[in-house]
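The chain contents come next:
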Amino acid sequence: GLRRGKVMRALRRVLWAFHDKHADVSVVEYAVMHDHLHLIVEAKDAETLSRGMQGLLVRLARAINRLLR
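Residues numbered from 1 in each chain as written. Predicted model: local features only at pLDDT ≥ 70, side-chain atom pairs only at ≥ 80, totals over all residues. Heavy atoms only, no water.

One finds Leu 2, Leu 11 and Leu 56 to be the most contacted residues of the largest nonpolar core, which totals 15 residues. The greatest single-element share of this core, amounting to 7 residues, is contributed by helix H1 (residues 5-21). Apart from the residues within four sequence positions on either side, Leu 11 is in contact with Leu 2, Val 32, Leu 37, Leu 60 and Ile 64. (Core = buried A, V, L, I, M, F, W, Y, C linked by side-chain atoms within 4.5 Å. Buried < 20%, exposed > 50% of the residue type's maximum accessible area, 1.4 Å probe, protein only. Helix = DSSP H or I, 4+ residues; strand = E, 2+ residues; numbered from the N terminus. Contact = heavy atoms within 4.5 Å.)

Pairing analysis gives 7 bridges linking strand S1 (residues 25-32) to strand S2 (residues 37-43), with the strands arranged antiparallel. Across the sheet, the residue bridging to Ser 26 is Glu 42, located in S2. Between S1 and S2, which pair antiparallel one after the other, the connecting turn spans 4 residues. (Pairing = 2+ DSSP bridges.)

Moving on, we get to H1. Note: α-helices contain 3.6 residues per turn, so residues at a spacing of three or four share the same orientation. Under the 1.5 Å per step criterion, the end-to-end length of H1 is 25 Å for 17 residues, consistent within 8% with the ideal 24 Å. Those residues of H1 lying buried are Val 7, Met 8, Ala 10, Leu 11, Val 14, Leu 15 and Phe 18. Mapping the buried residues of H1 onto a view down its axis gives an arc of 160 degrees, with all of them on the same face. Exposed residues lying more than 90 degrees from the buried face of H1 are Lys 6, Arg 13, Trp 16 and Asp 20. (Expected span 1.5 Å × (residues − 1). Arc of directions from axis to C-beta.)

By themselves, these are just geometric observations and shouldn't be taken as functional.
Written as structure tokens, this is what we have:
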């Protein structure tokens, strides 16, 4: 599950790193469930939101997949 110690730490690291690098997209709130995430994200426009979410989800997937291999 996503709420396990190592996975949670990896998720937090990705979210903080994303926040530091992408000032135009903000993760306002997040909730980690057993097998999925809920994110509330803000951006200045739809295109910025779309590109920001794509980048964030790629980073999250890579971090989780590294741990589960």
